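Results of the structural survey
Listed below are the residues making up each chain.
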Amino acid sequence: MRLRLYHHPDGTRVAYRERGAGPPLALIHSAMLSHKEWEPSVEQLAPHFRVVLPDLPLHGDSEDSPAHPYTLDWFADVLGGFAADVLGPSPLIGGHGAGAEVVLHAIGTHRMRPSRLVLMSNRLHAPPERARARSAWRAATMAGAIPGLDRLAGYGARAVFSPEHGARLSARGNPAAGDLLRHAFADVPGNTALARSWGKCARAWPTGAREELKELYPRLDMPVLLLWADQDRLNPLGPAEEALKLLPNAQLRVLSSTGFLMAYDDPVGLARELVAFCG
């Protein structure tokens with residue numbers, strides 16, 4: 001895939017890859033990952049779309065300077081600018097996990113309007129699952145903003161998000177999922193600037209239920225696909241079923257025998273659903 005760069009007006013650099021020559025389909029990865037989350041499905045998607053895979057700021061090859069605020073609203077502004085510049089009007093957009101949260105906020109704040117929207121497993125309006133583990137991660141990440149702890153935080157993150165942890169995010173134990181995390185955290189140890197930036201992001205990111213999204217759902221009049229994994233312990237099906245009742249033009253599809261990393265458990269099935277809905 002070709003590597004390209006988008007430069008936001010505030011100086012933020014967003015790296016992205018693309019392949020194919022059809023209508024633009026952008027897939028936004030989840031937190032702590034990168035564009036490589038989608039690589040297993042690119043081969044099946046490229047004959048149908050111009051597949052565009054950005055690295056969100058703080059991830060992959062994109063911006064990680066502590067000078068930026070790293071709030072949800074800031075991520076949405078950067079993504080909105082990226083969509084306007086790289087994708088053009090009315091693109092096809094899909095997001096997973098935190099990537100889906102950024103997409104929803106960008107749409108809700110009128111920074112982006114996709115012609116079709118794919119929301120893959122994420123918490124939607126519900127409070128996060130496994131709240132205790134998430135709180136511990138947040139506290140550890142915020143420690144990266146403290147001088148003297150920033151260097152240690154990077155080494156700790158790589159130890160926690162090990163390749164073995166990646167395999168556990170795959171319902172089928174795909175060993176390639178370990179390579180995904182190995183790549184995502186390759187440059188983290190010793191990167192004090194990245195640790196400080198992650199600390200700012202952890203402090204600013206919404207932690208509770210997102211009840212305001214229930215007011216947004218009825219206003220999403222574009223076709224929406226809720227594409228869920230049936231074995232994702234972080235993102236259960238219940239909130240998607242609740243959102244389905246509020247979305248005026250939506251459908252819910254569930255990929256069987258898949259976990260958090262759907263593209264690593266069933267790359268063909270994921271691509272099939274995206275082609276059927278977006279193509």
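Residues numbered from 1 in each chain as written. Predicted model: local features only at pLDDT ≥ 70, side-chain atom pairs only at ≥ 80, totals over all residues. Heavy atoms only, no water.

1. Points about the pattern of salt bridges
The cut-off we apply is this: The salt bridge definition used is simple: a Lys or Arg side-chain nitrogen within 4 Å of an Asp or Glu carboxyl oxygen. Secondary structure elements follow DSSP: runs of H or I of four or more residues count as helices, runs of E of two or more count as strands, with numbering from the N terminus. Burial classes follow relative accessibility: with a 1.4 Å probe on protein chains only, a residue under 20% of its type's maximum area counts as buried, one over 50% as exposed, and anything between as partly exposed.
Going through the model one piece at a time under the given rule, you end up with 16 salt bridges. Across the pair Glu-18 and Arg-50 runs a salt bridge whose closest N-O atoms are separated by 3.1 Å. Of this pair, Glu-18 sits in strand β2 (residues 13-19) while Arg-50 is found in strand β4 (residues 50-54), placing the two residues 32 residues apart along the sequence. Taking relative accessible area as the criterion, Arg-50 reaches 19% and is therefore assigned buried.

2. Considering the environment of Ala-83
Test applied: Contacts are assigned to residue pairs that have any heavy atoms within 4.5 Å of one another.
Considering the arrangement of structural elements, one finds Ala-83 in helix α2 (residues 72-87). Classification of Ala-83 by relative accessible area gives buried; the value is 4%. Dropping the residues within four chain positions of it, Ala-83 is found in contact with Gly-88 and Met-112.

3. A look at the packing of aromatic side chains
Going by this rule: Stacked, edge-to-face and tilted are the three classes for Phe, Tyr and Trp ring pairs, Trp counted by its six-membered ring, which pair at centre distances within 6.5 Å; planes under 30 degrees apart are stacked, over 60 edge-to-face, the rest tilted. For a lysine, the NZ atom is tested; for an arginine, the CZ atom; a charge sits over a ring if that atom is within 6 Å of the ring centre and within 35 degrees of the ring normal.
Per the counting criterion, the structure on display carries six aromatic pairs. Ring plane angle 80 degrees and centroid distance 5.8 Å describe the contact between Tyr-6 and Phe-82, whose orientation is recorded as edge-to-face. Of this pair, Tyr-6 sits in strand β1 (residues 2-7) while Phe-82 sits in helix α2, and the two are 76 residues apart along the sequence. When sorted by exposure, Tyr-6 lands in the same class as Phe-82, which is buried. Members of the aromatic cluster, connected to one another through ring pairs, are Tyr-70, Trp-74, Phe-75 and Trp-205. Against the face of Phe-277 rests Arg-116, its NZ or CZ located 5.1 Å from the ring centre.

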